[in-house]
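Structure assessment
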Amino acid sequence: MTDYTRADVCAAAIADSFKDDGEIFASPMGMLPMLGVRLAKLTSNPDLVISDGESLFLAGVPPLFAKAEVVEGWIPFRKVFDVVAYGKRHVMMGATQVDRDGNQNISAIGDFDRPKRQLLGSRGAPGNTANNRTSYWVPKHSSRVFVEQVDIVTGVGPKRAAAAGVGASRYNDIHRIVSNLGVFDVNGPDRTVRLLSVHPGVTTDEVQAATGFDLGDLSEVPVTREPTLEELVIIREVLDPKSLRHREVPEPKVEETTP
């Protein structure tokens, strides 16, 4: 298949992040994570438990931002914390910054005592990374996002979790980081961020140039798999017929050459 977009590739890569989870509560935060999770539910992992992002467990799999026709459970906000503590959950969050050790920042930019810019705040990131499998989605990969060291740690990476003791490290599981350029995990040397694959049309040099720390030897990094025909049909005709995904991940501009 060649008739796919970068957004389609990202959706399939996100779906792959959830394919081996089995029966677990998937908590995607954001449009592409929601698309990827619902794609996984319809293809590689039908046992995923999904919600409408507010208070309902869904039996069916509706299009993005559409109301579900079949509801199978109720999970008000106060009950979410019980699930977080129990651990049968895989959350995919955003990240304003991610560093080489897999720490995430969504709190503020700049010095903690006098930040230059206030963001969301820590919110659920510390509890997620201490109790649940956690992945991150980065729609615009740049050296401002992938940094040597985050300004403030909100999501805890494996090295910092281990240093904090067994209470923080026992269930710490930073599973995947998916960006618009590639797929990463934190199984590099000394539990650092590692490039697993580059998306079709992206080079490893491009990824390294857009990353604020050294990714090491990239000579054998493979290409992210292409979406299957089945996945493309589901994405385009079932889950996102309005092509909302392209607002978040537009097609890269092709530079014109002068003859």
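I will try to describe carefully the structure that is included in this document. Just so it is clear, the model here is predicted, and its values are computed rather than measured.

1. Describing the packing of aromatic side chains
- This model, assessed by the stated rule, comprises 2 aromatic pairs.
- Consider the rings of Phe25 and Phe57, whose centres lie 5.2 Å apart with planes at 85°: the pair is edge-to-face. Of this pair, Phe25 sits in strand E1 (residues 25-28) while Phe57 is found in strand E3 (residues 56-58), placing the two residues 32 residues apart along the sequence. As far as the burial class goes, Phe25 and Phe57 line up, both buried.
- Centre to centre, the rings of Phe146 and Phe184 are 5.4 Å apart; their planes meet at 35°, and the pair counts as tilted. On the criterion of sequence distance, the pair formed by Phe146 in strand E11 (residues 146-147) and Phe184 in strand E13 (residues 182-185) is long-range, its members being 38 residues apart.

2. Here's the deal with the pattern of salt bridges
- Counted by the stated rule, this structure contains 12 salt bridges.
- For Arg236, the salt bridge identified is with Asp8, shortest N-O distance 3.3 Å. Residue Arg236 is found in helix H8 (residues 229-239), and its partner Asp8 is found in helix H1 (residues 6-18); the two are separated by 228 residues along the sequence.
- Owing to a relative accessible area of 0%, Asp8 belongs among the buried residues under this scheme.
- Two residues, Arg225 and Glu231, come together in a salt bridge whose shortest N-O distance is 2.7 Å.

What counts as what
- Residues numbered from 1 in each chain as written.
- Predicted model: local features only at pLDDT ≥ 70, side-chain atom pairs only at ≥ 80, totals over all residues.
- Heavy atoms only, no water.
- Phe/Tyr/Trp six-rings, centres within 6.5 Å; stacked < 30°, edge-to-face > 60°.
- Helix = DSSP H or I, 4+ residues; strand = E, 2+ residues; numbered from the N terminus.
- Buried < 20%, exposed > 50% of the residue type's maximum accessible area, 1.4 Å probe, protein only.
- Salt bridge = Lys/Arg side-chain N within 4 Å of Asp/Glu carboxyl O.

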